[in-house]
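Read off the chains here:
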Amino acid sequence: MFHLRILGMALRGLRQNLIRSMLATLGVIIGVGAVVSAVSVLQGAQNDILTRFESLGADQVLVFNGTDRHGSRRTQQVTLLPEDAEHIAEENKELVIAMAPQYNGGGQTKYFEKNVNGAVLGTSEQYAAINNYLVEQGRFLTREDVRGNAMVCVLGYKVAEELFGDLPAVGKAVKIEGKSFIVVGVMEEKGALGFIEVDNQVVIPVTTAMSRMFGARYLTMIVVQCQSAERVPMCIDAVKKTLRANHHINAGADDDFTIFTQDQFKQQLSQVALIFGVVLYSIAGISIVVGAIGIMNIMLVSVTERTREIGVRIAVGARRMDILKQFLAEASVISLCGGGLGVVCGWAIANFLSKFTQVLQTYTPPIIIFLALLMAVIVGIVSGIYPAIRAASLDPVQALRYE
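Residues numbered from 1 in each chain as written. Predicted model: local features only at pLDDT ≥ 70, side-chain atom pairs only at ≥ 80, totals over all residues. Heavy atoms only, no water.

### Some points on the overall build of the chain
- Across its full length, the chain carries 13 helices and 13 strands.
- When each of the 403 residues of the chain is scored for burial, the buried share is 45%.
- Restricting to contacts in the chain with at least 6 residues of sequence separation, those with at least 24 account for 77%.
- As displayed, the chain has an accessible area near 20,900 Å², and 61% of this comes from carbon and sulfur atoms. (Helix = DSSP H or I, 4+ residues; strand = E, 2+ residues; numbered from the N terminus. Buried < 20%, exposed > 50% of the residue type's maximum accessible area, 1.4 Å probe, protein only. Contact = heavy atoms within 4.5 Å. Areas by Shrake-Rupley, 256 points an atom, 1.4 Å probe, with all protein chains shown as cover.)

### Digging into a nonpolar patch on the surface
- Taken together, Ile-367, Phe-370, Leu-371, Leu-374, Ile-378 and Val-382 make up a surface patch of nonpolar side chains, about 570 Å² in accessible area.
- Among the structural elements, Leu-371 can be located in helix α12 (residues 366-392). (Patch = residues over 30% accessible without salt bridge, like charges linked within 9 Å, V, L, I, M, F, W, Y side chains within 5 Å. Salt bridge = Lys/Arg side-chain N within 4 Å of Asp/Glu carboxyl O.)

### A closer look at the layout of surface pockets
- Its boundaries defined by the atoms lining it, the largest pocket holds a volume of some 420 Å³.
- What lines the largest pocket is a set of 16 residues, among which Glu-86, Met-99, Ser-124, Arg-143 and Val-146 lie closest to the centre.
- Going through the elements one at a time, α3 (82-91), β3 (96-111), α5 (143-147) and α7 (206-213) are the ones with two or more residues in the lining of the largest pocket.
- By residue number, the principal contributor to the lining of the largest pocket is α3, which donates five residues.
- Of the residues contributing to the lining of the largest pocket, the split by class is eight nonpolar, three polar and five charged. (1 Å grid on protein atoms, 1.4 Å probe; cavity = no way out; pocket = protein on both sides within 12 Å on 5 of 7 lines; lining within 4 Å. Points joined across faces, edges and corners; volume = space filled by probe spheres on them. Nonpolar A, V, L, I, M, F, W, Y, C, P; charged D, E, K, R; others polar.)

### What to know about the side chain of Gln-225
- Following the sequence through the fold, Gln-225 ends up in strand β12 (residues 221-226).
- Taking relative accessible area as the criterion, Gln-225 reaches 14% and is therefore assigned buried.
- Setting aside anything within four residues of it in sequence, one finds Gln-225 in contact with Asp-59, Leu-95, Val-96, Ile-97, Ala-98 and Ile-130.

### Examining the environment of Gly-346
- Mapped onto the elements of the fold, Gly-346 is located in helix α11 (residues 320-357).
- Accessibility expressed as a relative area gives 0% for Gly-346, which makes it buried.
- It is 8.4 Å that separates the C-alpha atoms of Gly-346 and Ser-40, two residues lying 306 residues apart in sequence.

### Quick word on the packing of aromatic side chains
- Tallied over the full model, the rule gives six aromatic pairs.
- Between Tyr-111 and Phe-164 the ring centres are 4.3 Å apart and the planes differ by 45°, which places this aromatic pair in the tilted class. Of this pair, Tyr-111 sits in strand β3 while Phe-164 sits in helix α6 (residues 157-164), and the two are 53 residues apart along the sequence. Each member of the pair, Tyr-111 as well as Phe-164, carries the same accessibility label: buried.
- With 6.3 Å between their ring centres and 20° between their planes, Tyr-127 and Phe-140 make a pair best called stacked. Within this pair, whereas Tyr-127 is found in helix α4 (residues 127-130), its partner Phe-140 is found in the loop between β5 (135-138) and α5, the two being separated by 13 residues in sequence. (Phe/Tyr/Trp six-rings, centres within 6.5 Å; stacked < 30°, edge-to-face > 60°.)

### Digging into the pattern of salt bridges
- Considering all chains together, one arrives at three salt bridges under this definition.
- Here Arg-244 makes a salt bridge to Asp-255, at a shortest N to O gap of 2.4 Å. Highlighted residues: Arg-244 in helix α8 (residues 232-246) and Asp-255 in the loop between α8 and β13 (257-261), separated in sequence by eleven residues.

### Focus: the nonpolar core
- Ranked by internal contacts, the top residues of the largest apolar core, which has 23 residues, are Val-61, Val-63, Ile-222 and Val-224.
- Elements supplying a minimum of two residues to this core: β1 (60-70), α3, β3, α7, β12, α8 and β13.
- A per-element tally of this core places α8 first, with five residues.
- Apart from the residues within four sequence positions on either side, Val-61 is in contact with Ile-222, Val-223, Val-224, Cys-226, Val-232, Ile-236, Ile-259, Phe-260 and Thr-261.
- Of all hydrophobic cores here, the second largest spans 22 residues; its members include Leu-62, Tyr-127, Ala-150 and Val-223. (Core = buried A, V, L, I, M, F, W, Y, C linked by side-chain atoms within 4.5 Å.)

### Details of the environment of Asn-47
- In this fold, Asn-47 is placed in helix α2 (residues 18-54).
- Taking the relative accessible area as the measure of exposure, Asn-47 reaches 29% and is therefore partly exposed.
- Sequence spacing of Asn-47 and Gln-361 is 314 residues, and the spatial spacing of their C-alpha atoms is 8.4 Å.

Below is the structure:
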């Protein structure tokens, strides 16, 4: 009950100088809001990226073209050939279930007056099975399509919807970058595989993409599905051995390709998130320090203005500890109110960014709300200690004489 009376006195003291008290909370509001919004954005982005990686499967190995360093610059080494993909599958049958070479391009897909700009993926018949990506209408690519450089395509769900609506798409002729293709299938609504929104892509045979569409010699990447997630390290070693032999790389020389697994992507993501987190939290920390200084200044002014009141209270029996508690309570209330408003502002900013961009995903963990409020209270206590000690140490005789 005694502590509730102290809290009530603290609230009355703050209410008497409402505008000044509100201004004192601004720094805490900005700091806590920055922390909450930053965590929401980082956590949301991290969750989204991890979900995309996990959609690839833990048993997949992704082989990309390598990079070469020239001084301070990195340049891409375009080295992956269709034959590399075939050799990986043929020479490592005990470790590799399936393999899908990929060439990524882009272009306009048209059906009469309707058209869609999106990704064009050249790949093999094993692509759908590797990614557990099902056909909704018709069929997927076949080995004969790939071997025969067939002018056939499989439409992503949204592409088919925009071009044909509710009408059947299979058997229709569409033009991709001016070349005529027969639609043989429409895929299920999937969303994303890795960083690719597959609903917005058109799939064609990799041989057709490279020779008849884009005139390319080298692949973008090779997806290798291993026997199991546990055998991924062995599969990586086998893939490296095959590619180094194909590319005639001498012992001790660097690879001219790059291999990634889901775990490696996650590790890199964690490192990037840590760097961004340190930067954002440092900025937010500066705001909170500024807020703490503001609260301390306001409390020092309050001590000076209420010197006579403090003297009267001590003269009628109030202990110095009671004065100390009152001013600490005032500082804590100011900071806690600022922290609460900061949490609301940070959450609102994160939601606004999510809705405004329609790409950025945000997530506010409940624990961060608790930690933000706890941090606000600690800031209030720390910033109020000196003013509270100064108020409690006033000489009552001198305080009563103060005008």
